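# Examination of the molecular architecture
This is what each chain is made of:
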Amino acid sequence: MSDKKAMNDKLQIQLSGITLANPIIPASGTYGFGDEFAELYDINCLGGISFKGTTREARYGNPLPRIAECGNYGMINAVGLQNPGVEHVIAHELPRLKSHYNGCIVANVSGFSVQDYVETCAMLDKEPIDILEVNISCPNVHNGGMAFGTSPEAAAEVTAAVKAVTTKPVYMKLSPNVTDIVAIAKACEAAGADGLCLINTVLGMRIDIRRRLPVIANRYGGYSGSGIFPLALRMVNQVARATSLPIIGCGGVSSAEDVIEMMMAGATAVEIGAANLTNPMVAKEIIDRLPTLMDELKIEKLTDIIGIVNHE
Amino acid sequence: MRLAGDTNEILPGQFVNIRIEGLFLRRPISVCDAQEGLLTIIYKVVGVGTESMTHLLAGQKVDMLTVLGTGYNIANAGENPLLVGGGVGVPPMYMLARQLREAGKAVRVILGFNTKDEVFYEEEFRTLGCDVTVTTVDGSHGVKGFVTNALDGQQSYYYTCGPLPMIKALLQAAGTHGEVSMEERMGCGFGACMGCTIQTTQGPKRVCKEGPVFDAAILQF
């Protein structure tokens, strides 16, 4: 076996029949369409890219400030799905991404009504994307986004409606801002989802004590960064134990060690979010570090450890 | 603060983004000057980030992203450009003034402060050969009032950086034949997170990527 083949077997994973060279996927909203990072390194090292959350129509997003820091452990954002709209993405961003990236393209989609999700996903169905990641968990927009991810019935409705208009694998991106994420995961599974991605950001707040006002103009925002990793890990594990769908684990992952932990909890692939924003090289650094770490931990193939803590 | 490192490609008006031990987000600081491997930044302590920067020791290594954002476009200057800096908006004017002087331009500089104690870099701009006017709100040094009190309308073009009220007043008094450096709270500082996007007449623009320097004509207040 050649070294290259051995390396492929070592890191390779599969999501709904699609082979990814490794499990590392930059999370939507932290990577744009890859342009800024492609200036720094060859983004073809990535297993996949989940591109900026796309909606039916163009959106400016929320008023500024949209960002608040949370000590050493993370940040709050309330960007509010700023994006140029799906038609612009199909005409410009996607062809550009496709021209310099050969890996798995995860199309992250948001909506404000079931019809929104359906139309956007139907349009992307004809495009060269690999997975539809349906975001029913954005905490930063009203009358939509997260509203669909906080009840099992609404989550199932979006899942079934999207599945009806696409042949692409549909992964539902779940919100942690719920009482029982397992019930929502199961509802998505029953409605035909091909996989799940969790977690989105945790609804949070910071106050400027001198101005006596919320830091974020939109008052609340999504907390992300290493501070949410234990919470994300617990939810991935709960869902992995309760469903048989492949999971893309997400939330506070910032090192190769975190990736291994997330996979041991039950994730098949792992998204890197806020860490990209503070260290633009982090995704590549993690991929480069994984083989050495695996040797240290005596892991032959990453697929061997998926959900290993759940085996009796 | 002065730092040694690769200063090639750094333009006046660009910024650096500094990683600070114990804090999640980097801190964006405008470039005051960069040449021959030496980077100068001037910052004001306004919060925990800038406060901890004061504890950096001489010789300490700093993790910093550079060459961020657009710079001022020197080609637009004309023969007698005006540079207007207010408070912490003064530093980026220095590298710009130096390069404009090197290009043989007659550079007029207006530096605005609240009071005499806050004034800095007046002599440094004079040493470059600029025609310098300092304004203070309380009249304790230079011309009493705001930077707009020192305008004569004779400039071929202007470049500015400073607090939003100053920029608004300047645009009203001097028109839009100029370039403005905008400031916003940032997440990443290199265009990925959309945390600092402003609305312009040409659609949404990221202050960290399409800015911080914008054509004054496209700004909306």
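What comes next is a walk through the structure. As the structure is a prediction and not an experimental result, all values here were calculated from the model.

### Section: the overall build of chain B
When its secondary structure is counted, chain B shows 4 helices and 15 strands. Its C-alpha atoms give chain B a radius of gyration of 17 Å, within 12% of the compact-globule value 17 Å for 221 residues. In terms of principal-axis extent, the alpha carbons of chain B reach across some 45 × 40 × 35 Å. Every one of the 221 residues in chain B was classed for burial, and the buried ones make up 44%. Intrachain contacts of chain B at a sequence separation of at least 6 include 58% that bridge at least 24 residues.

### Comments concerning the interface of chain A and chain B
On the chain B side, the residues contacting the 25 residues of chain A number 19 residues. Of all the secondary structure elements, the ones that give two or more residues to the side of chain A that touches chain B are strand S5 (67–70), strand S6 (74–77) and helix H10 (275–278) of chain A. When grouped by side-chain class, the residues that make up the side of chain A that touches chain B number 11 nonpolar, 11 polar and 3 charged.

### Quick notes on the packing of helix H4 (residues 114–125) of chain A against helix H6 (residues 152–163) of chain A
All names here are of chain A. At their nearest, the axes of H4 and H6 sit 9 Å apart, and the two run at 30° to each other. In terms of orientation, H4 and H6 fall into the roughly parallel class. H4 and H6 meet at a crossing whose hand is right-handed. Contacts between H4 and H6 involve Val114, Tyr117, Val118 and Cys121 from the first element and Glu157, Val158, Ala161 and Val162 from the second. Here the residues of the contact of H4 with H6 sort into 7 nonpolar, no polar and 1 charged.

### Digging into unusual backbone geometry
Peptide bonds are trans in most cases, and residues, glycine excluded, mostly fall at negative phi. Cis geometry marks the peptide bond from Leu198 of chain A to Ile199 of chain A; its omega dihedral reads 10°. Structurally, Ile199 of chain A is set in the loop between strand S10 (195–198) and strand S11 (202–204). Pro212 of chain B follows Gly211 of chain B through a cis peptide bond whose omega is 10°. Checked against the element boundaries, Pro212 of chain B lands in the loop between strand S14 (203–206) and strand S15 (213–215). With phi around 60°, Arg212 of chain A is a residue other than glycine that occupies positive phi space. Residue position: Arg212 of chain A is located in the loop between strand S12 (207–208) and strand S13 (213–214). Overall, Arg212 of chain A belongs to the exposed group, with 7 C-beta atoms counted inside 10 Å.

So, how was this worked out
- Residues numbered from 1 in each chain as written.
- Chains lettered and ligands numbered in written order.
- Predicted model: local features only at pLDDT ≥ 70, side-chain atom pairs only at ≥ 80, totals over all residues.
- Helix = DSSP H or I, 4+ residues; strand = E, 2+ residues; numbered from the N terminus.
- Rg over C-alpha atoms; globule rule 2.2 N^0.38 Å.
- Buried ≥ 20, exposed ≤ 12 C-beta atoms within 10 Å, placed from the backbone.
- Contact = placed C-beta atoms within 7 Å.
- Nonpolar A, V, L, I, M, F, W, Y, C, P; charged D, E, K, R; others polar.
- Axes fitted to C-alpha atoms, helices over the stretch in contact; angles between N-to-C directions.
- Parallel < 35°, antiparallel > 145°, perpendicular 65-115°, else oblique.
- Left-handed = near helix turned anticlockwise from the far one by under 90°.

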